[in-house]
Amino acid sequence: MATTLPSPPKVGMVSLGCPKNLVDSERILTKLRADGYSMSPDYAGADVVLVNTCGFLNSAKEESLEAIGEAIAENGRVIVTGCMGKEAEMIRERFPAVLAVTGAHQYEQVVGAVHDAAPIPPSAYLDLVPERDLKLTPKHYSYLKISEGCNHRCSFCIIPALRGDLASRRPDAILREAEKLVAGGTRELLVISQDTSAYGLDLRHGSYALKSGGEIRADMTDLARHLGQLGAWVRLHYVYPYPHVDRVIPLMADGLVLPYLDIPFQHAAPSVLRAMKRPANDAKVLERLAKWRSIAPDITIRSTFVVGFPGETEADFEYLLQWLDEAQLDRVGAFRFEPVAGAAANDLPDHVPEEVKEERYARLMERCAAISTAKLEAKIGRTLDVIIDVADDEGGATGRSKADAPEIDGEVHLRDAYGLTPGDIVKVEIEDADEHDLFGVPVV
């Protein structure tokens, strides 16, 4: 007689915030899949819904709270995890129906909460391990998290309170994960952490044996070199401009690592940087940028800046604009300062009025858009490698050059791009540009 299998419980997931949160969500869902759960794409079909929250800014917290409220209204059975797990009491007070609240990267606790809320029916047939980890990104690119937490105590940031101090993963384990991802179809590895340049500091930059022979150091440069030998694009995010970062630039010139650095400068005026308690704020950054460009001329520098930080004067802001004119950064994002519960910056004097923040934000983005436009126009006529993200049957396709990270940077829009699929890397002749994007045609 045929055996009737019980239907496995279904889990829905809402993942908010940065790529580090997305990696946490992938790990949670992979473990749940291994335990026999199936996934639901909507509220209606889920037996329980996970909301992975972001708590970096008050606006992010509000978005997370709205997501929790929506999940409760649409489904009713909700487990909250992520950065806002530190505020469990507030979440429970606002949403008494929440089943459980766990903190950031507390994988065992959140998986245990799912088991309690929606137990797996007893069946040996349901406890199946998926062939590969579950991914929330397209198959052709993957985020590779190399550490948790941060040792810095920037006055505007509460990440250490949410995620703790720096905790680096072993480099051999990172390399094994990267090898597995590449074998599964990943063409681009996006290396992320809270401070990539500090990687391995807590491991004292020790060496670890590799199963294939040799060893690898717990060091950003050594890790980047090994990753670059796997055959995929390697993109470095969240890198502070410490002197030892100079050692990774030759890897870019040699083609092992993409000529791209995501460096969160946050400001340029010395007085503001001191108030922010930013690390490496005394570095001669402009000189180092020039040195990097002399070694890897195509290097792309992206960064983020805070406008309207407490005490920021008009002179400080003008200093930042002039610095940007000299730095000629390729990609820039900005956000207006907003107080976050628990941040030391809240107690600083001379908070900037909201209307002044808005006016400065608009001026900064206008200045950066002009720089971006000029830099992109300079690429017209060049032939660039482009990784395809989306392709249709009518010859249209969208991809990214080595200068473009997914979601946060620009795109390359292609015409006459027949027969392409996501993950293909093709040579493209650039025909046009605007403030953010490039336009071109594949080179036959």
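Remember, it's a predicted structure, so these values are computed and weren't measured experimentally.

Undergrad: Help me understand the overall build of the chain in this model?
TA: What the chain contains, in helices and strands, is 12 helices and 20 strands. Taken over the C-alpha trace, the chain has a radius of gyration of 23 Å; the compact-globule value for 444 residues is 22 Å, and the two agree within 12%. In terms of principal-axis extent, the alpha carbons of the chain reach across some 75 × 60 × 50 Å. Per-residue burial over the chain gives 53% buried out of 444 residues. For the chain, the exposed area adds up to about 19800 Å²; of that, 51% sits on carbon and sulfur atoms. For the chain, the distance from the average site of its 48 positive side-chain charges to the average site of its 68 negative ones is 6 Å.

Undergrad: Any chance you could explain the pattern of salt bridges here in plain terms?
TA: It is possible for side chains bearing opposite charge to pair when their charged atoms get close. Summed over the entire model, instances satisfying the criterion amount to 31 salt bridges. A salt bridge links Arg360 to Glu312; the nearest nitrogen and oxygen atoms lie 2.8 Å apart. Of this pair, Arg360 sits in helix α12 (residues 354-377) while Glu312 sits in the loop between β14 (300-307) and α11 (314-327); the two residues are 48 residues apart in sequence, bridging distant segments of the chain. Classification of Arg360 by relative accessible area gives buried; the value is 6%.

Undergrad: Can you help me understand helix α7 (residues 220-228) in this one?
TA: One turn of the α-helix equals 3.6 residues, which is why residues spaced by three or four share an orientation. The buried fraction of α7 is high, at eight of nine residues. Within the sequence span of α7, burial applies to Met220, Thr221, Asp222, Leu223, Ala224, His226, Leu227 and Gly228. Buried residues along α7 sit in contact with β6 (141-145), α6 (171-183), β9 (188-192), β11 (215-217), β12 (233-236) and α8 (249-253). In this structure Asp219 caps α7, since a side-chain oxygen of it lies 3.0 Å from the backbone nitrogen of Thr221.

Undergrad: For this particular structure, what's the right way to read empty space enclosed by the protein?
TA: A probe as big as a water molecule, rolled over the atoms, marks out the empty space that is left. In total, this model carries two cavities of 30 Å³ or more according to the counting rule given. As a volume, the largest cavity reaches approximately 50 Å³. As for the largest cavity, its lining consists of Phe56, Leu57, Phe156, Val306, Phe335, Phe337 and Glu338. Broken down by class, the residue content of the lining of the largest cavity amounts to six nonpolar, no polar and one charged.

Undergrad: Would you mind going over a negative patch on the surface with me for this structure?
TA: Among the surface-exposed residues, Glu62, Glu63, Glu66, Glu70 and Glu74 lie close enough to one another that they form a single negatively charged patch. Checked against the element boundaries, Glu74 lands in helix α2 (residues 58-74).

Undergrad: What exactly am I supposed to notice about the sheet that holds strand β18 (residues 412-414) here?
TA: Across a sheet, strands are paired by hydrogen bonds formed along the backbone, either parallel or antiparallel in direction. Around the barrel, which closes on itself, the five strands sit in the order β16-β17-β18-β20-β19 with mixed pairing between neighbours. Neighbouring strand axes in the sheet, compared pairwise and without regard to direction, differ in orientation by 50° on average. When strand β16 (residues 383-391) meets strand β19 (residues 425-433), the two strands line up antiparallel, connected through five bridges. Looking at β19, one finds that Asp385 is bridged to Lys427.

Undergrad: Please clarify how the nonpolar core should be interpreted in this entry.
TA: Ranked by size, the top nonpolar core spans 52 residues in total, and within it Leu261, Leu329 and Leu364 carry the most contacts. Residues in contact with Leu261, not counting those within four places in the same chain, are Leu236, Val239, Val245, Ile249, Met252, Trp292, Ile299, Thr300, Ile301 and Arg302. Listed in part, the 19 residues of the second largest apolar core include Ala60, Leu162, Phe309 and Phe337.

Undergrad: Sorry, what's going on with the side chain of Glu188 here?
TA: Here Glu188 is to be found in strand β9. One polar contact links Glu188 to Arg235, side chain to side chain, over a distance of 2.7 Å. In this structure, Glu188 is in contact with His140, Tyr141, Ser142, Ala232, Trp233, Arg235, Leu258, Ile387, Arg400 and Pro406, ignoring residues within four places of it in sequence.

Undergrad: Explain the side chain of Arg400 to me, please; I cannot follow it from the model alone.
TA: Topologically, Arg400 is positioned in strand β17 (residues 397-401). Look at Arg400 and you get buried, because its relative accessible area is 2%. Separated by 2.7 Å, the side chains of Arg400 and Asp389 make a polar contact. Polar contacts involving the side chain of Arg400 include one to the main-chain carbonyl oxygen of Asp404, which spans 2.9 Å. Here Arg400 is in contact with Tyr141, Glu188, Trp233, Arg235, Asp385, Val386, Ile387, Asp389, Ala405, Pro406, Gly410 and Val412, once residues within four sequence places are set aside.

Undergrad: I would appreciate a short explanation of the pairing of β9 in the present structure.
TA: Regular strands place side chains that alternate from one sheet face to the opposite one. Across the five residues of β9, five count as buried, placing the element largely inside the fold. Side chains Glu188, Leu190 and Ile192 project from β9 onto one buried face, and the interleaved Leu189 and Val191 project onto a second face that is buried too. Strand direction decides the pairing type here: β6 and β9, joined by five bridges, are parallel. Counted as the bridge partner of Tyr141 is Glu188 from β9. Where β9 and β12 come together, four bridges link them in parallel fashion. Residue Leu190 lies in a different strand from β12, and its bridge partner there is Arg235.

Thresholds, definitions, all that
- Residues numbered from 1 in each chain as written.
- Predicted model: local features only at pLDDT ≥ 70, side-chain atom pairs only at ≥ 80, totals over all residues.
- Heavy atoms only, no water.
- Helix = DSSP H or I, 4+ residues; strand = E, 2+ residues; numbered from the N terminus.
- Rg over C-alpha atoms; globule rule 2.2 N^0.38 Å.
- Buried < 20%, exposed > 50% of the residue type's maximum accessible area, 1.4 Å probe, protein only.
- Areas by Shrake-Rupley, 256 points an atom, 1.4 Å probe, with all protein chains shown as cover.
- Lys, Arg positive; Asp, Glu negative; His and termini not counted.
- Charge placed at Lys NZ, Arg CZ, Asp CG, Glu CD.
- Salt bridge = Lys/Arg side-chain N within 4 Å of Asp/Glu carboxyl O.
- Contact = heavy atoms within 4.5 Å.
- Polar contact = N/O pair within 3.5 Å; in protein donor to acceptor, adjacent residues only side chain to side chain.
- 1 Å grid on protein atoms, 1.4 Å probe; cavity = no way out; pocket = protein on both sides within 12 Å on 5 of 7 lines; lining within 4 Å.
- Points joined across faces, edges and corners; volume = space filled by probe spheres on them.
- Nonpolar A, V, L, I, M, F, W, Y, C, P; charged D, E, K, R; others polar.
- Patch = residues over 30% accessible without salt bridge, like charges linked within 9 Å, V, L, I, M, F, W, Y side chains within 5 Å.
- Pairing = 2+ DSSP bridges.
- Axes fitted to C-alpha atoms, helices over the stretch in contact; angles between N-to-C directions.
- Core = buried A, V, L, I, M, F, W, Y, C linked by side-chain atoms within 4.5 Å.

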